[in-house]
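Report on the structure
Residues per chain are reported as follows:
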Amino acid sequence: FGVIPETMRHVAHLAIRNMGTIGGSLSHADPAAEWPLLARLLNAEIEISSSTRQRTVSAHDFFVAPLTTVIEPDELLVHVKLPGLPERCGCAFEEFARRQGDYALAAVGVCIEIDHGLVRQARLAVMGVEDIPLRLTKSEQVLQGQNWSAELIEHAIEVAITNLNPRSDLNASSDYRIHLVQNLLKHTLETAWSRAQMENA
């Protein structure tokens, strides 16, 4: 999971990284926090427990709204499982914030599995753009089974931004967040592809 330490460098500051917890970040569910994006990107399974029951929820179903999850008042998040990544897989993460340690205005995580020059599987996730971290499933479908090319990247990015509905707030406009996602996606896709090729060397 090389993408985890790469992402963690962007989390606030050293003291906060040392004291914060994975479960705490997921439970807080800030739409601009890094761990919720990683949970979506890495297909996390989240175990929730109360005094009377225990259940497991996928990251896809865990986040409901800003600062809101499916955890009930009598429940606690007790365990997070990250399924292993395929062997021929390259991942990358990038975010944009005004200052080091600030919450991201937008961020992107990518994992690409390749097989003989083809994209066998692609995972694309964004955060800081809408109310919860998202997987860009339509762009993933565009990439799957295709030969890698600049044209393919551009098509996947175009599909991604067409299906996003970024919020505007005091920190950034909707149009600016789209601009950030376009650039971050391009860089992370290229980096993830390069790393996947190294895994296949």
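Scroll up to find the structure.
Notes on the structure in this doc start here.

Reading guide: rules and limits
- Residues numbered from 1 in each chain as written.
- Predicted model: local features only at pLDDT ≥ 70, side-chain atom pairs only at ≥ 80, totals over all residues.
- Heavy atoms only, no water.
- Disulfide = S-S within 2.5 Å.
- Helix = DSSP H or I, 4+ residues; strand = E, 2+ residues; numbered from the N terminus.
- Buried < 20%, exposed > 50% of the residue type's maximum accessible area, 1.4 Å probe, protein only.
- Core = buried A, V, L, I, M, F, W, Y, C linked by side-chain atoms within 4.5 Å.
- Contact = heavy atoms within 4.5 Å.
- Pairing = 2+ DSSP bridges.
- Axes fitted to C-alpha atoms, helices over the stretch in contact; angles between N-to-C directions.
- Expected span 1.5 Å × (residues − 1).
- Salt bridge = Lys/Arg side-chain N within 4 Å of Asp/Glu carboxyl O.

**Some thoughts on the state of the cysteines**
Under the defined criterion, the tally for this structure stands at one disulfide. Each disulfide pairs two cysteine sulfurs, and for C91 the partner residue is C111, the sulfurs being separated by 2.2 Å. Since a negative S-S torsion denotes a left-handed disulfide, the C91-C111 link at about 110 degrees is right-handed. Of this pair, C91 sits in strand β6 (residues 89–96) while C111 sits in strand β7 (residues 106–115); the two residues are 20 residues apart in sequence, bridging distant segments of the chain. Side by side, C91 and C111 carry an identical accessibility label, which is buried. In this structure C89 is a free cysteine whose sulfur lies 4.1 Å from that of C91, the closest cysteine sulfur available.

**Quick word on the nonpolar core**
Core analysis: the largest hydrophobic core is formed by 65 residues, its most contacted members being I112, L143, W148, L185 and L189. Apart from residues no more than four positions distant in its own chain, L143 is found in contact with V119, A122, L124, W148, L152, A156 and L189.

**Description of the sheet that holds strand β9 (residues 134–135)**
Taken in spatial order, the four strands make up an open sheet running β6-β7-β8-β9, and their pairing is antiparallel. Edge positions in the sheet fall to β6 and β9, since each has one partner strand and no second. Both β7 and strand β8 (residues 118–127) contribute to a ladder of nine bridges, which runs antiparallel. Counted as the bridge partner of G109 is A125 from β8.

**Description of the sheet that holds strand β5 (residues 76–81)**
Strand order in this open sheet of three strands is β2-β1-β5, and the pairing throughout is antiparallel. Each edge of the open sheet is held by one strand with a lone partner, namely β2 (54–58) and β5. Direction aside, neighbouring strands of the sheet carry axes that sit 25 degrees apart on average.

**Details of helix α7 (residues 150–162)**
Along an α-helix, a turn takes 3.6 residues, which lines up residues three or four apart on a common side. The end-to-end C-alpha distance of α7, which contains 13 residues, comes to 18 Å, matching closely the 18 Å that a straight helix rising 1.5 Å per residue would cover. Taken residue by residue, α7 has L152, I153, A156, I157, V159, A160 and I161 as its buried positions. Where the residues of α7 are buried, they touch α6 (137–143) and α8 (174–200).

**Here's the deal with the pattern of salt bridges**
A side chain with one charge may pair with a side chain of the opposite charge, provided their charged atoms come close. What the rule picks out here adds up to nine salt bridges. In this structure, E75 engages R53 in a salt bridge whose closest nitrogen and oxygen atoms are separated by 3.2 Å. Taken together, the residues E75 in the loop between β4 (68–69) and β5 and R53 in the loop between β1 (45–49) and β2 connect sequence positions 22 residues apart. Taking relative accessible area as the criterion, E75 reaches 5% and is therefore assigned buried. Residue R53 is classed as partly exposed on the basis of its relative accessible area of 42%.

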